[in-house]
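Structural features, examined
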Amino acid sequence: MHILPDGSILNGLNIPDGSVSWNGGHGTIFDASGQVAYMIDGNTIYDSTHQVAYMIQGDQVVDSLGKTVMQIHKA
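Note that the coordinates shown come from a computational prediction; the quantities given were computed from them, not determined experimentally. (Residues numbered from 1 in each chain as written. Predicted model: local features only at pLDDT ≥ 70, side-chain atom pairs only at ≥ 80, totals over all residues. Heavy atoms only, no water.)

Examining the overall build of the protein chain
Test applied: Secondary structure elements are taken from DSSP: a helix is a run of H or I of four residues or more, a strand is a run of E of two residues or more, and numbering for both begins at the N terminus. Residue burial is assigned from relative accessible area. The probe radius is 1.4 Å, only protein chains are included, and a residue is buried under 20% of its type maximum, exposed over 50%, and partly exposed in between. Accessibility throughout is a Shrake-Rupley quantity obtained with a 1.4 Å probe, and a residue counts as covered only by protein chains that appear here.
Summing up its helical and strand segments, the protein chain has one helix and seven strands in all. Reading the protein chain from its N end, one meets helices and strands in the order α-β-β-β-β-β-β-β. Across the 75 residues in the protein chain, those meeting the buried criterion constitute 28%. With the model as given, the accessible surface of the protein chain reaches about 4500 Å², and the carbon-plus-sulfur share is 47%.

Right under this line is the structure:
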C-alpha cells in the first residue's frame with residue numbers, strides 16, 4: 001500500500017491534520033498533536049495500544065466488523 005500525499009488515509013481515519021511516517025510496508029500515523037494514532041504493518045492498521053483497528057483488503061479499509069471505512073488507491 002502507498003500513502004497518498006493528498007492525505008486520503010488521514011481523512012478516512014478522521015485525523016486530517018495528522019501526518020504519516022512511512023518506511024516500506026511499515027508506517028506510523030500521528031495525530032495533529034504528534035501523538036501516535038495508528039501503526040501500519042503490511043495490510044493491518046493497529047491502534048496506539050497495538051490492537052487491530054483496521055484491515056486493508058484490496059482497495060478498501062475495513063473496520064473490525066468488516067464495514068468499509070474508506071476506499072484507497074494503490075500505486
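Further notes follow.
Quick word on the pairing of strand S1 (residues 19-23)
Regular strands show a simple pattern: their side chains alternate between the two faces of the sheet. Counted only if it meets this: In short, DSSP must find at least two bridges between two strands for them to pair.
Across five bridges, the pairing between S1 and strand S2 (residues 26-30) is antiparallel. Bridge pairing links Asn 23 to His 26 in S2. Here S1 hands over to S2 after two residues, with Gly 24 in that stretch at a positive phi of 65°.

Thoughts on the side chain of Thr 44
What counts here: Here a residue-residue contact requires only that any non-hydrogen atoms of the pair lie within 4.5 Å.
Tracing the backbone through its elements, the reader meets Thr 44 in strand S4 (residues 44-47). Among residues more than four places away in sequence, those in contact with Thr 44 are Met 39, Val 52, Tyr 54 and Met 55.

Describing the sheet that holds strand S7 (residues 68-71)
For clarity, the cut-off: Axis geometry follows a simple rule: fit a line to the C-alpha atoms, using only the stretch in contact for helices, then measure angles between N-to-C directions, giving values from 0 to 180 degrees.
Strand order in the open sheet formed by seven strands is S1-S2-S3-S4-S5-S6-S7, and the pairing between neighbours is antiparallel. Among the strands making up the open sheet, the edge pair consists of S1 and S7. Going from strand to strand, the sheet's axes swing by 20° on average, the running direction of each strand aside.

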